[in-house]
Amino acid sequence: MSAILQVKNLKKFFKTGKGILHAVDGITFDIQEGETLGVVGESGCGKSTLGRTILHLLDNTGGQIFFQGKDITKVNKKQLRELREDMQIIFQDPFASLNPRMSLSETIAEPMVIEGRLSKPEIEKRVFQLMDTVGLARRLLNTYPHELDGGRRQRIGIARALALNPKFVVCDEPVSALDVSIQAQIINLMLDLQENLGLTYMFITHDLSVVRYISQNILVMYLGQMVEHCEVDRLFEKPLHPYTQALLSAIPEPDIHKKKKRIILKGELTSPINPKPGCRFAPRCIYAKEACFQKGPELRELEPGHVVACHYAEEINQEKGA
Ligand code: SF4
């Protein structure tokens, strides 16, 4: 396997009336071809902005993005068009992301019509093929989004994302807006598509149980920064960052005989606007010391392939007997 995507010190800041919002602040990771990287964190942590910046839906403020070895942070219009074919997105709310005035067939066909390479009959054929691929019955061809349930609408979103044969897909909370019974169907569809089409996913979610099921590696974000990154099983077995430990403690334990102590995060959320020096998690961290408020922790590889941003990770985890 080789890295299809390499992100180095990526930054995306926004000017606001109150100062500079550090939505994505120095994120670095690789995704191997055919892999799924789960990106997790509370809402507002910058995970969706990270996905959109990688796809060039937002311009980056700093850092580099390499796709298949090429730096794509500075591309011209033609290169951007080519990138759009290779890199796609599946949105959270299929109802909001679909045009209510376009039928199912028009919605799936649109990227191919804009791209302009296929003839009308070829596009029609491809629309049928995509409908079969994502499990949409052909009788639904001329239906409109409001006539369909959430699962079918998300299948349209997936078919549309696949229309130009992408290699890499950012999945931005693709099942969060769906009923639990439908979520599993969509996740299984995405896993099948990955296997059959060789897709690489970046799977953004706040739902840790979903991410465990679909990802090989996981990246935890807190207020625009990466706090922990490693293999998904490792993270669930031995989370090293206090924030990750709190997130995992909130997942319900399926075995009623096992007791799990939930870590309730108290304290104020630091503002990502003009953030102060120091660890952004410090006001909510039960292990915070004076130094945590003075200097932000660097990311350190504490175990092979397991990076953590915490000054005291070794100490904390020794105390916990991790
Ligand atoms: Fe907590 Fe300090 Fe580690 Fe930040 S650096 S997570 S405040 S112990």
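Residues numbered from 1 in each chain as written. Predicted model: local features only at pLDDT ≥ 70, side-chain atom pairs only at ≥ 80, totals over all residues. Heavy atoms only, no water.

Re the layout of surface pockets
And step 1. In this structure, the largest pocket encloses a volume near 570 Å³.
And step 2. What lines the largest pocket is a set of 23 residues, and nearest its centre among them are R84, Q88, P111, R160 and L164.
And step 3. For the lining of the largest pocket, the element with the highest residue contribution is helix α4 (residues 104–115), accounting for 5 residues.
And step 4. A breakdown of the residues in the lining of the largest pocket according to their chemical character gives 12 nonpolar, 5 polar and 6 charged. (1 Å grid on protein atoms, 1.4 Å probe; cavity = no way out; pocket = protein on both sides within 12 Å on 5 of 7 lines; lining within 4 Å. Points joined across faces, edges and corners; volume = space filled by probe spheres on them. Helix = DSSP H or I, 4+ residues; strand = E, 2+ residues; numbered from the N terminus. Nonpolar A, V, L, I, M, F, W, Y, C, P; charged D, E, K, R; others polar.)

Remarks on the side chain of T36
And step 1. As for its position among the elements, T36 is in strand β3 (residues 36–40).
And step 2. Its relative accessible area of 0% is what places T36 among the buried residues.
And step 3. Among the polar contacts made by the side chain of T36, one reaches the side chain of Q194 at a distance of 2.9 Å. (Buried < 20%, exposed > 50% of the residue type's maximum accessible area, 1.4 Å probe, protein only. Polar contact = N/O pair within 3.5 Å; in protein donor to acceptor, adjacent residues only side chain to side chain.)

A look at empty space enclosed by the protein
And step 1. Scanning the entire structure with this criterion turns up 3 cavities of 30 Å³ or more.
And step 2. Lining the largest cavity we find 15 residues, and of these C279, C285, C292, C310 and H311 sit closest to its centre.
And step 3. Across the lining of the largest cavity, the residue classes break down as 13 nonpolar, 2 polar and no charged.
And step 4. When its volume is computed, the second largest cavity comes out at roughly 70 Å³.
And step 5. Taken together, P242, Q245, A246, I263, I264, L265, K266, F281, R284, C285, I286 and Y287 form the lining of the second largest cavity.
And step 6. The residue inventory of the lining of the second largest cavity, partitioned by class, reads 9 nonpolar, 1 polar and 2 charged.

Description of the site of the ligand
And step 1. The local shell around the ligand holds 14 residues, among which C279, C285, C292, C310 and H311 are the closest.
And step 2. Most atoms of the ligand, that is more than half of them, are within 2 Å of grid points of the largest cavity.
And step 3. Split by residue class, the shell around the ligand holds 12 nonpolar, 2 polar and no charged. (Near = heavy atom within 4 Å. Sits in = over half its atoms within 2 Å of the grid points.)

Description of the pairing of strand β10 (residues 225–231)
And step 1. Burial runs high along β10: 5 of the 7 residues are buried.
And step 2. Where strand β9 (residues 217–222) and β10 come together, 6 bridges link them in antiparallel fashion. Looking at the pairing, I218 lines up with C230 of β10.
And step 3. Between β9 and β10, which follow one another and run antiparallel, lie 2 residues, and L223 among them has a positive phi close to 45°.
And step 4. Of the pairings in the sheet, the one linking β10 to strand β12 (residues 306–308) comprises 2 bridges and is antiparallel in character. Each residue of the ladder has a partner; that of E228, found in β12, is V308. (Pairing = 2+ DSSP bridges.)

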